2 protein chains.
Amino acid sequence: MIGSVAFDAIETPFGKTDKIIGGAATYISLSASYFTQDISLIAVVGDDFPQDYINLLKAKGINTDGLQIKQGEKSFFWSGRYFNDMNSRETLITELNVLGDFDPIVPEQLNAPDFLMLGNLAPVVQSTLIGRLAKKPQLIVMDTMNFWMDIALEDLKHTLSMVDVLTINDEEARQLSGEYSLIKASRKIRAMGPKYLIIKKGEHGALLFYNEEVFFCPAMLLEDVFDPTGAGDTFAGGFIGYLAKTGDISFENMKRALIYGSAMASFCVEKFGTENIMDIQAEALRDRVSRFKALSHVELIG
Amino acid sequence: MIGSVAFDAIETPFGKTDKIIGGAATYISLSASYFTQDISLIAVVGDDFPQDYINLLKAKGINTDGLQIKQGEKSFFWSGRYFNDMNSRETLITELNVLGDFDPIVPEQLNAPDFLMLGNLAPVVQSTLIGRLAKKPQLIVMDTMNFWMDIALEDLKHTLSMVDVLTINDEEARQLSGEYSLIKASRKIRAMGPKYLIIKKGEHGALLFYNEEVFFCPAMLLEDVFDPTGAGDTFAGGFIGYLAKTGDISFENMKRALIYGSAMASFCVEKFGTENIMDIQAEALRDRVSRFKALSHVELIG
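Residues numbered from 1 in each chain as written. Chains lettered and ligands numbered in written order. Predicted model: local features only at pLDDT ≥ 70, side-chain atom pairs only at ≥ 80, totals over all residues. Heavy atoms only, no water.

(A) Focus on the relation of the copies chain B and chain A. Relative to chain A, chain B is turned by 180° and slid 0.0 Å along the rotation axis, the superposed coordinates differing by an RMSD of 0.0 Å. On this basis, the relationship between the two copies can be described by a two-fold rotation axis. A high fraction, 100%, of the interface residues of chain B reappear at the interface in chain A, so the copies pair face to face through one surface. (Least-squares fit on C-alpha atoms with pLDDT ≥ 70 in both. Contact = heavy atoms within 4.5 Å.)

(B) Molecular detail of the interface of chain B and chain A. In this complex, chain B contributes 37 residues to the contact, which on the side of chain A involves 37 residues. Summed over both partners, the interface of chain B with chain A comes to about 3,600 Å²; 56% of that surface belongs to carbon and sulfur atoms. On the chain B side of the interface with chain A, the three residues burying the most area are Leu221, Glu223 and Leu300 of chain B, jointly 17% of the side's total. With a shortest N-O distance of 2.4 Å, Arg187 of chain B and Glu223 of chain A are connected by a salt bridge. Taken together, the links from chain B to chain A amount to 22 residue pairs in polar contact (both at pLDDT 80 or more). Secondary structure elements with two or more residues in the side of chain B that touches chain A: helix H6 (170–177), helix H7 (182–190), strand S12 (206–210), strand S13 (213–217), helix H9 (251–268) and helix H10 (282–295) of chain B. Along the lines of polarity and charge, the residues of the side of chain B that touches chain A split into 19 nonpolar, five polar and 13 charged. (Buried area = accessible area lost by both parts, 1.4 Å probe. Salt bridge = Lys/Arg side-chain N within 4 Å of Asp/Glu carboxyl O. Polar contact = N/O pair within 3.5 Å; in protein donor to acceptor, adjacent residues only side chain to side chain. Helix = DSSP H or I, 4+ residues; strand = E, 2+ residues; numbered from the N terminus. Nonpolar A, V, L, I, M, F, W, Y, C, P; charged D, E, K, R; others polar.)

(C) A look at the sheet that holds strand S8 (residues 115–118) of chain B. All names here are of chain B. The six strands are arranged S8-S9-S10-S11-S12-S13 in an open sheet whose pairing can be described as mixed. This sheet does not close on itself; its edge strands, each paired only once, are S8 and S13. Recorded for the sheet is a direction-independent mean angle of 15° between the axes of neighbouring strands. Relative to S13, S12 is paired through five bridges, and the arrangement is antiparallel. Along S13, the bridge assignment pairs Ala206 with Cys217. In this fold helix H8 (residues 231–246) packs onto S8, strand S9 (139–143), strand S10 (165–169) and strand S11 (196–200), with an angle of close to 170° to the strand it touches most, S8. (Pairing = 2+ DSSP bridges. Axes fitted to C-alpha atoms, helices over the stretch in contact; angles between N-to-C directions.)

(D) Structural detail: the pattern of salt bridges. Overall, the coordinates contain 28 salt bridges over all chains when judged by the stated rule. A salt bridge links Arg81 of chain B to Glu11 of chain B; its shortest N-O distance comes to 3.3 Å. Separated by 70 residues along the polypeptide, Arg81 of chain B in strand S6 (residues 76–82) and Glu11 of chain B in strand S1 (residues 6–12) bring together distant segments of the chain. One salt-bridge network, in which partners are shared between bridges, spans Glu11, Arg81 and Glu90 of chain A.

(E) Spotlight on the side chain of Lys255 of chain A. Its location among the elements puts Lys255 of chain A in helix H9 (residues 251–268). Relative accessible area serves as the criterion here: at 6%, Lys255 of chain A is assigned to the buried category. (Buried < 20%, exposed > 50% of the residue type's maximum accessible area, 1.4 Å probe, protein only.)

(F) Up close: the packing of H8 of chain B against H9 of chain B. All names here are of chain B. Closest axis-to-axis distance for the H8/H9 pair is 7 Å, and the angle between their directions is 140°. When the axes of H8 and H9 are compared, the pair comes out oblique. With respect to the hand of their crossing, H8 and H9 are arranged in right-handed fashion. Contacts between H8 and H9 involve Ala231, Thr234, Phe235, Gly238, Phe239, Tyr242, Leu243 and Thr246 from the former and Asn253, Met254, Arg256, Ala257, Leu258, Tyr260, Gly261, Ser262, Met264, Ala265 and Cys268 from the latter. Broken down by class, the residue content of the contact of H8 with H9 amounts to 12 nonpolar, six polar and one charged. (Parallel < 35°, antiparallel > 145°, perpendicular 65-115°, else oblique. Left-handed = near helix turned anticlockwise from the far one by under 90°.)

(G) How the structure looks around the sheet that holds strand S11 (residues 196–200) of chain A. All names here are of chain A. Read from one edge to the other, the open sheet built from six strands follows the order S8-S9-S10-S11-S12-S13, with strand pairing classed as mixed. What marks the edges here is a single partner per strand, and that holds for strand S8 (115–118) and strand S13 (213–217). Across the sheet, the axes of successive neighbouring strands diverge by a mean angle of 15°, strand direction being ignored. Together, S8 and strand S9 (139–143) form the strand contacts of helix H3 (residues 123–131), whose direction differs from that of S8 by roughly 160°.

(H) Highlighting the side chain of Asn276 of chain B. Residues and elements named next belong to chain B. The residue Asn276 is located in the loop between H9 and H10 in this model. One polar contact links the side chain of Asn276 to the main-chain carbonyl oxygen of Phe267, over a distance of 2.8 Å. Within polar-contact distance, the side chain of Asn276 engages the side chain of Glu270 at 3.4 Å. Beyond its immediate chain neighbours, meaning those up to four positions away, Asn276 contacts Phe267, Cys268, Glu270 and Lys271.

(I) Highlighting the pairing of S8 of chain A. Residue and element names in this part refer to chain A. Where burial is concerned, the two faces of S8 agree: the one with Phe115 and Met117 and the one with Leu116 and Leu118 are both buried. Bridge count between S8 and S9: four bridges; the pairing is parallel. Along S9, the bridge assignment pairs Phe115 with Leu139.

(J) How the structure looks around helix H3 (residues 123–131) of chain B. Buried within H3 of chain B we find Pro123, Val125, Gln126, Ser127, Leu129 and Ile130 of chain B. Where H3 of chain B is buried, its residues contact strand S4 (39–46), S8, S9, helix H4 (146–151) and helix H5 (153–160) of chain B.

See below:
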């Protein structure tokens, strides 16, 4: 799995944090660690990144041999503020630092994964990593964002042609396809490469498109959404973690993976940063997954 | 069933109409007519309203004895324009006309319905009608909108205390409760009277709240949403029509009614005005209901 490991500073209507551990790869690997212990991280940090944080990832069974530590450089830092509705935010600070010239080096013992998650990064870094693998993974899942559609669309399309599953939000799906109807958007985007498309709609759930089929996964209704940071990455980690655990990449199993990913994300947003996904009990996860199923379960008659 | 029968003129990115038949009661009763033939309309029009339109409702088995025709007056007229995303619209013209002093007279033979749908109207007209019934209906469903929250909140709260089910959209639920979290909003609103609350989220589906239970009904993904006018009323008509047909007002059956209502609404938005709900075949409705079920169906294992 590749992505960013970083510092975040977050402000929401409920409070604010100092620099805390963040980055797509952090959320993805923590979330996936509840499903499999065979996770390796390809990422980069500066020498300002505490060894304690790295040990914390290791303690979760995450292999950090592919985590480069650049001496004399600083880790990626993002700071943002969420507004009252939690659906919109403004970026206060983005310091690329070590991400500016990230060269994704893949240690030899890690160059043949069965499942590959490409966290949100420059598309050229994502495709470079794919090119360095010794064999094609069974499944490649890619996350990206509107930022790359704005400044690196051709690179993005090239990477898209190499992946099996794309996860983006509804606004990004509309931007990438130029279609407002999500059905039409999903067809155009899948014609660019990925056979599967997941459209994340935040508090409105998520959609999975494959051939002519669509699956809708509702979002959990929560008393309060405390901090949405990392929810999409936590979702992706649960999704690919469940697929890796079960080894089944059928559409039916992807539907289940979508529920597990959403359940993981619903924990994430209940506290700041990674706090609420550090120690989820198996029983709590089972309970939440059942609640997801109940949410849209109906028996039709006649 | 009470509501408005009116003229609408609609403009969308796909075209525009002249004055066509509209009004909450029109959509509600047409939609309900696919489930039961025991529907009576309490409404008012001016002498400009064509007898052909009234005959059309009668042909659908709708009793129009309670439809007042005010000589020398004009029917309610609304004109609006939808923007590209179909989620926002602007009102171009609102002429209350006969609705300005609507006195809901209930013919004696219609004064003891088992199921009562209160279409969107001034809350005082809705409560006046309830007061004129000979007995309490088995179920009263009420629709309303933010307009009445702005100008007649106390009347609205009085009517709310008399009903069993309220249908509003998410923005209105937040306005009425002062809570952003829909779980918290639903508790506050149900404390005002209705035991059941339906929150409509348009293209994002609908939620049904009852006690500590929540059911989420997804929205059908459509190639194009052509005209959203009347979708909420068509939903309400299918919902109460299904309940009246089955005579079962349990939570489990309300979940099914939500699916049927959503299926009816999904037909409505595919063409202008009432055009696409004039002649729905039983087979097409069954097929759409199955697609709704498939949309969120998942089998969990382990």
